[in-house]
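# An overview of the molecular structure
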Amino acid sequence: MTVRRGIFLSGVAMLCAWTLVPIWLVALGAVGGRDVVNAWPKTFFPGSTSLATLRAFLDVQGVWSATLVSVEVAVLCMAFSLLLGAPAGYALARYNFRGATTYRLLILLTRAFPVGILALPLAITFIRLDLYDRPLGVALIHTALALPFAVLVSASLFQAIPREFEEAAWVFGCSRLRAFLRVVLPLALPGIAATAIFAFVISWNEVFAAAVLTVRHRTLTAYLLTVLAESPLHVQFAGGFVLIVPSVVFIFLVRKHLFAMWGIANR
Amino acid sequence: MRSRLIPYLLLLPSLLFLTALFFVPLVQTVALAFHGGDSFGLANFTRMANDLNFRDAVVNTFSIVLVVVPLQLAIALGMAMMLRHLKRGRDVVLWIWSIPLGISDLAAGLVWLAILTDQGYLNTLLFNLGLIAGPESWLTYETPTALFVAIIVAEAWRATAIVLVIIVAGVQLLPREYGEAADVFGATPWQRFTRITLPLLKPSIQTALILRTVLAFEMFALVISLGGRNFPVLVSEAYQWQYVNQDTGVAAAYAVVVMLISLAATLIYLRVLRTPREQML
């Protein structure tokens, strides 16, 4: 191994550390509880992660109930994005029709706007429709955020599946719907799952709309944002850590699709 | 006849949804912003502009975007080029580098708070090195420069991943022949990067810049979690007006300003970084 190669590899290692070490440190703060947070100077490794401190972490009440709301919102957002986005993606992939380009442009246009901010007028509408402070309402605006992505990615997924497969199914007497369900859908499923996971992450991470549209049933992000000023640090670190864990797992799950999705979704 | 209707029927649900939850609220936001008191006008905008924090919010927001977006692009390009030269473990490294993709600005703020708070890990490190005598504060009103640097570092830590993923996706589409041809003609690695790779990556860079810039103008939870109200940005002010002052009109005025800036930035990128059709891959 040459010196240059050594420098290069240590550069790669340093960039990995740059990503991972901060997560490690907030995890220490999260499971260490009050004692670790108040310790000075700190240690960079867990001293005695006793059961007591772990329980303290699990007992941070507000964090857990808010986590449940977050999961509910994100699951709803995931379902809506797929149910609305996949058909549109299929239409873009399989049909030549007037207005397809306009529709694509409209979808892309949503990207130029900070969608979360649109929660401001929605707060008023939602109070009237009894959607305010309910997971369903937050899920709706999160779907507006995730839907354009779902449309573009599913369009590229369906495009990658040869049209002939479907036509063969039609020849054998399958209806269009049956051919889609039996032939196209199984092939597209891994990509669709990755898209769903992304919708989940988009919703899980959104702060502004969630904070504006809820009061008592806060998502985790909204809860943490509103208690920032008054809650003790170890609660904040616990919340931050809980926020991070799913995204680490999800990025691992979709890692194969990550680049295909972004590569195509942005053409 | 029936089959001609199918695509429209498939698009309809998503179109109706986006109308109800994107286009209508968009118009409503603008309406709210211009609806000051009981008449249409600029009252909300005047109140916004006369607020003590407004000037700071504008300056701070633009400072963050102007520093962090080019920084992220540079880091991401460097990472993408490093990945090309990695023989083993490329997938693992790529996964690690893309982890922050799924981390929100709020979570990133809390992570860096753990490091930068008075009794945090940075101060522990500095203390162990003998550089400071005891806990120091970095995130207060009296240390605006340190606070700004902290925000930049946290934002670079969190959001470089999205740029990286878009760039790597673009790099994978580059034909190898161009680079090989450059080598044949004796180009240095730097020449090869600036003359071949960068121009070919222009569409990806454009996408990454648009996405990142819009998101950077929108970023606010990171700023609040690190600095509270010590470092106002446009969206954090919108949030304060809505949530603390209960004044949706002024909040909407801020929202309109953010939207106009985002839209302008997008148009500028589309124009400056456009790829002529004959240069498309």
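Residues numbered from 1 in each chain as written. Chains lettered and ligands numbered in written order. Predicted model: local features only at pLDDT ≥ 70, side-chain atom pairs only at ≥ 80, totals over all residues.

## Digging into the overall build of chain B
Heads up, the rule is: Numbering goes from the N terminus for both helices and strands, where a helix is a DSSP run of H or I of at least four residues and a strand is a run of E of at least two. Residues are called buried when their C-beta atom has 20 or more other C-beta atoms within 10 Å, exposed when it has 12 or fewer, and partly exposed otherwise; all C-beta atoms are positioned from the backbone. Note on contacts: each residue gets a C-beta atom placed from the backbone, and two residues are in contact if those atoms are within 7 Å.
The number of helices and strands found in chain B is 13 helices and two strands. By its C-alpha atoms, chain B is 80 × 70 × 30 Å across when sized along the principal axes. Split into buried and exposed, the 281 residues of chain B put 45% on the buried side. For chain B, long-range pairs separated by at least 24 residues make up 74% of all intrachain contacts whose partners lie at least 6 apart in sequence.

## Overview of the overall build of chain A
Of regular secondary structure, chain A possesses twelve helices and zero strands. What you see in chain A, going N to C, is helices and strands ordered as α-α-α-α-α-α-α-α-α-α-α-α. Partitioning the intrachain contacts of chain A with sequence separation of at least 6 by distance along the chain shows that 77% fall at a separation of at least 24.

## Considering the environment of A:Glu167
Within the secondary structure, A:Glu167 sits in helix H7 (residues 163-171). Between the C-alpha atoms of A:Glu167 and A:Ala179, which are twelve residues apart in sequence, the distance is 8.3 Å.

## As for the domain arrangement of chain A
Residue and element names in this part refer to chain A. The line we're drawing: Domain borders in the structure are assigned automatically or taken from a domain database. Each residue gets one of three labels, nonpolar for Ala, Val, Leu, Ile, Met, Phe, Trp, Tyr, Cys and Pro, charged for Asp, Glu, Lys and Arg, and polar for the others, Gly among them.
If you check the domain split of chain A, you get domain 1 (1-40 + 49-59) and domain 2 (61-265). A C-alpha centroid distance of 30 Å is found between domain 1 and domain 2. Across the side of domain 1 that touches domain 2, the residue classes break down as six nonpolar, two polar and two charged.

## Thoughts on helix H6 (residues 121-128) of chain B
Threshold: Summarising the geometry, the arc corresponds to the directions from the helix axis toward the C-beta atoms.
Three or more residues of H6(B) are buried, namely B:Tyr121, B:Asn123 and B:Thr124. Buried residues of H6(B) fall within an arc of 160° about the axis and therefore sit on the same side. Among the structural elements, helix H1 (3-38) of chain A together with helix H5 (105-116) of chain B are those in contact with the buried residues of H6(B). Directly after H6(B), the chain includes B:Gly130, whose backbone phi takes a positive value near 80°.

## Observations concerning unusual backbone geometry
Notably, A:Asp130 is not glycine yet its phi reads approximately 60°, a positive angle. Take A:Asp130: it is sitting in the loop between helix H5 (119-129) and helix H6 (135-159). The exposed category is assigned to A:Asp130, around which 10 C-beta atoms lie within 10 Å. Positive phi, normally seen in glycine, also occurs at B:Gln246, with a value near 55°. Using a count of 8 C-beta atoms within 10 Å as the deciding quantity, one classes B:Gln246 as exposed.

## Thoughts on the packing of H5(B) against helix H7 (residues 144-173) of chain B
Residue and element names in this part refer to chain B. Heads up, the condition is: As a rule, the C-alpha atoms of each element are fitted with a line to give its axis, helices using only the stretch in contact, and angles between N-to-C directions run from 0 to 180 degrees. Roughly parallel here means an angle under 35 degrees, roughly antiparallel means over 145, roughly perpendicular means 65 to 115, and every remaining angle is called oblique. With the far helix as reference, a near helix turned anticlockwise by less than a right angle produces a left-handed crossing, and one turned clockwise produces a right-handed crossing.
It is at 9 Å that the axes of H5 and H7 come closest, and there the two elements cross at 125°. Between H5 and H7, the interaxial angle falls into the category oblique. Note on packing geometry: the crossing formed by H5 with H7 is right-handed. Contacts from Asp 105, Ala 108, Gly 109, Trp 112 and Leu 116 of H5 reach H7 at Ala 150, Val 153, Ala 154, Trp 157 and Arg 158. Split by residue class, the contact of H5 with H7 holds seven nonpolar, one polar and two charged.

## Points about the confidence of the model for chain A
Interpreting fine coordinate detail is not advised for predicted regions of low pLDDT. Rules: For every residue, the predictor reports its confidence as pLDDT, a number between 0 and 100.
For chain A, per-residue confidence averages 85 on the pLDDT scale, and 92% of positions sit at 70 or higher. Across chain A, the element-wise mean pLDDT spans from 62 in helix H2 (residues 51-58) of chain A up to 92 in helix H3 (residues 61-94) of chain A.

## Notes on the interface of chain A and chain B
Between chain A and chain B, the residue contacts involve 71 residues of the former and 79 residues of the latter. Per element, the largest residue contribution to the side of chain A that touches chain B is 13 residues, and it comes from H1(A). Residue composition of the side of chain A that touches chain B, grouped by class: 53 nonpolar, 15 polar and three charged.

## So, the confidence of the model for chain B
All names here are of chain B. Across chain B, pLDDT averages 88, with 96% of residues at or above 70. The least confident element of chain B is strand S2 (residues 39-40), whose mean pLDDT is 75; the most confident is helix H3 (residues 52-84), at 93. For this predicted complex, the interface confidence score (ipTM) comes to 0.86, while the overall pTM stands at 0.87.

## Brief notes about the nonpolar core
Formally: Only buried residues count toward a nonpolar core: Ala, Val, Leu, Ile, Met, Phe, Trp, Tyr and Cys, linked into one set through C-beta atoms within 7 Å.
Ranked by internal contacts, the top residues of the largest apolar core, which has 172 residues, are A:Ala119, A:Ile141, B:Tyr254 and B:Ala255. Counting only domains with at least three residues in this core, you end up with domain 1 (1-40 + 49-59) and domain 2 (61-265) of chain A. When near neighbours in sequence (up to four residues on either side) are disregarded, A:Ala119 contacts A:Ile141, A:Phe208, A:Ala209, A:Val212 and A:Leu213.

## Description of H5(A)
Taken together, the buried positions of H5(A) are A:Ala119, A:Leu120, A:Pro121, A:Leu122, A:Ala123 and A:Phe126. A:Asp130 sits one or two positions beyond H5(A) and adopts a positive phi of about 60°.

## What to know about the environment of B:Leu73
Residues and elements named next belong to chain B. Position of Leu 73 among the secondary structure elements: in helix H3. By C-beta crowding, Leu 73 is classed as partly exposed, having 18 other C-beta atoms within 10 Å. As a C-alpha pair, Leu 73 and Leu 164 span 91 residues in sequence and 7.9 Å in three-dimensional space. Aside from chain neighbours lying at most four places away, what touches Leu 73 is Val 163, Ile 205, Ala 208 and Leu 209.

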